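Residues per chain are reported as follows:
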Amino acid sequence: MLDIVALGELLVDLVHKGDNEAGYPILHANPGGAPANFLCAAAACGAQTAMIGKVGSDAFGRMLTETLTERGVNVQGVTATPEAFTTLAFVTVDKHGDREFSFARKPGADMTLSVEDLRYSLLRNTRAFHFGTISMTAEPSRTATRKAVEIARESGAMITFDPNYRASLWRDEGEAAEQMLWGVKNADIVKISEEEIRLLLNETPEEGARRLVEKFHVKLALVTLGEKGVFFASKNASGLVFAFRDLKPVDATGAGDIFAGSAITRILQSGKAPEELTCEELTEICRFANAAAGISVTRSGGIPSIPKSAEVEAYLTKQQG
């Protein structure tokens, strides 16, 4: 039995790292994609993980599958196609570590994932299944995503969801909101950003988190607030957990995914259903995940920046001291 299976985009982040002598940008390639970042963070915390996705039959596709394997992620559910290139994301990072994305994805290999590509044995043998909306921006990957959620839920998996909104990948906000709402309605745990909660519900993080629980019956809402931390809410507990201010950002790529992968792994390791966790337990889970994400933003890249669980624990021990 696996701990977590995730479905979605595998891509390469090409990050601007200065200019050459002629004034042209130098781009550094890093393996990424929100579900891949998420799984690698979970694996770093000791989870048994597997990925379902699609890459191109090209050098970048091979790099991605090799990277996941090196990080301890099962890639039996990753297929390669000669019909499309591995998706590329061009990432510019400002002095605060905030990112802007442009995608080479018309189409990208991840968009061609179909129901026929799904590895049902993975979906039927996992404690949790994770997905986002980038795989829902087009067909056939939208239908494949919905089918995977259906199979995993029928098999008793906890469903976790991250909207991971990227405006440039949608025709308009209305279409994005429609797919985000579908994800929310089918999830037990929702990890969502402050920007996304305003887009979806037009509410503050605190109001939006409570509404996700009360109206949409989400068992646990985790609203990430960037450098401010995270607000969590369930039917029995809620609270704000501050980020660690001594960790200076260099590159925030993948920070939300690393937070989510770390937090959900800790929830699974607790042995409790998310709605049964106390305020104190959720606070400790979020402190750990905040530390993992905080350490990651002091380094470049998504997957390459992920700290090991022991490093996070050592940092938290030092903070307590």
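Check the entry above for the structure.
Since this is a predicted model, take the numbers as computed values, not measurements.

## Comments concerning the sheet that holds strand β11 (residues 220–224)
Paired through backbone hydrogen bonds, the strands of a sheet run either parallel or antiparallel to each other. Spatially, the nine strands line up as an open sheet ordered β5-β4-β1-β8-β9-β10-β11-β12-β13, and their pairing is mixed. Across the chains shown, the open sheet's two edge strands, defined by having one partner strand only, are β5 (73–81) and β13 (238–242). Shown here is a sheet whose adjacent strand axes are inclined to one another by a mean of 15°, direction ignored. In the sheet, strand β4 (residues 49–56) pairs with β5 via seven bridges, with the strands oriented parallel. Bridge pairing links I52 to G77 in β5. Sheet strands in contact with helix α8 (residues 255–270) are β1 (2–7), β8 (126–132), β9 (158–162), β10 (189–193), β11 and β12 (229–233), and its direction is about 155° off that of β10. Helix-sheet contacts for helix α9 (residues 279–296) involve β11, β12 and β13, and the interaxial angle to β12 is about 150°.

## A short note on the layout of surface pockets
The volume enclosed by the second largest pocket comes to roughly 170 Å³. Forming the walls of the second largest pocket are F103, R105, K106, M111, T137, A138, S168, L169, W170, R171 and E175. The residue inventory of the lining of the second largest pocket, partitioned by class, reads five nonpolar, two polar and four charged.

## Points about the side chain of D110
Relative to the helices and strands, D110 resides in the loop between β7 (99–104) and α3 (120–123). Classification of D110 by relative accessible area gives buried; the value is 4%. In this structure, D110 is in contact with E9, L10, K54, T87, R105, I134 and S141, ignoring residues within four places of it in sequence.

## Thoughts on the packing of α9 against helix α10 (residues 309–320)
Packing of α9 against α10 leaves a shortest axis separation of 9 Å and a crossing angle of 110°. For the element pair α9 / α10, the angle class is roughly perpendicular. Contacts between α9 and α10 involve R287, F288, A291, A292 and I295 from the first element and S309, E311, V312, E313, Y315, L316 and Q320 from the second. Of the residues assigned to the contact of α9 with α10, the class counts are seven nonpolar, two polar and three charged.

## A short note on the environment of D257
By the element assignment, D257 lies in helix α8. In this structure the C-alpha to C-alpha distance between D257 and I303, which are 46 residues apart in sequence, comes to 9.7 Å. Dropping the residues within four chain positions of it, D257 is found in contact with A34, N37, F38 and D162. Within the structure, D257 has its side chain in polar contact with the side chain of N37 (distance 3.0 Å).

What counts as what
- For every chain, the first residue of the written sequence is number 1, and numbering continues from 1 along that sequence.
- Given that this is a predicted model, residues contribute local features only at a pLDDT of at least 70 and side-chain atom pairs are listed and counted only at 80 or more, while totals for whole chains, interfaces and linings are drawn from all residues.
- Water and hydrogen atoms were dropped before computing side-chain values, which therefore reflect all heavy atoms in the structure.
- By definition, two strands form a pair when at least two bridges between them are found by DSSP.
- Secondary structure counts use DSSP, requiring at least four H or I residues in a row for a helix and at least two E residues in a row for a strand, with both numbered from the N terminus.
- Interaxial angles span 0 to 180 degrees and are taken between N-to-C directions of axes, which are lines fitted to C-alpha atoms, for helices over the stretch in contact.
- Here a residue-residue contact requires only that any non-hydrogen atoms of the pair lie within 4.5 Å.
- With a 1 Å grid spanning the protein atoms alone, the term cavity applies to any set of points in which a 1.4 Å probe fits but cannot get out, the term pocket to an open set with protein on both sides within 12 Å along at least five of seven lines, and the term lining residue to any residue with an atom within 4 Å of a point.
- Grid points are joined across faces, edges and corners, and a volume is the space filled by probe spheres set on the points.
- Under the convention adopted here, Pro, Cys and the residues Ala, Val, Leu, Ile, Met, Phe, Trp and Tyr are nonpolar, Asp, Glu, Lys and Arg are charged, and Gly plus all remaining residues are polar.
- Exposure classes here rest on a 1.4 Å probe applied to the protein chains alone. A residue is buried below 20% of its type maximum, exposed above 50%, and partly exposed in between.
- An angle below 35 degrees is treated as roughly parallel, one above 145 as roughly antiparallel, one from 65 to 115 as roughly perpendicular, and anything else as oblique.
- For the purposes of these results, a polar contact is taken to be a pair of N or O atoms within 3.5 Å, where, inside protein, one atom must be able to donate a hydrogen and its partner to accept one; residues adjacent in sequence count only when each atom of the pair is a side-chain atom.

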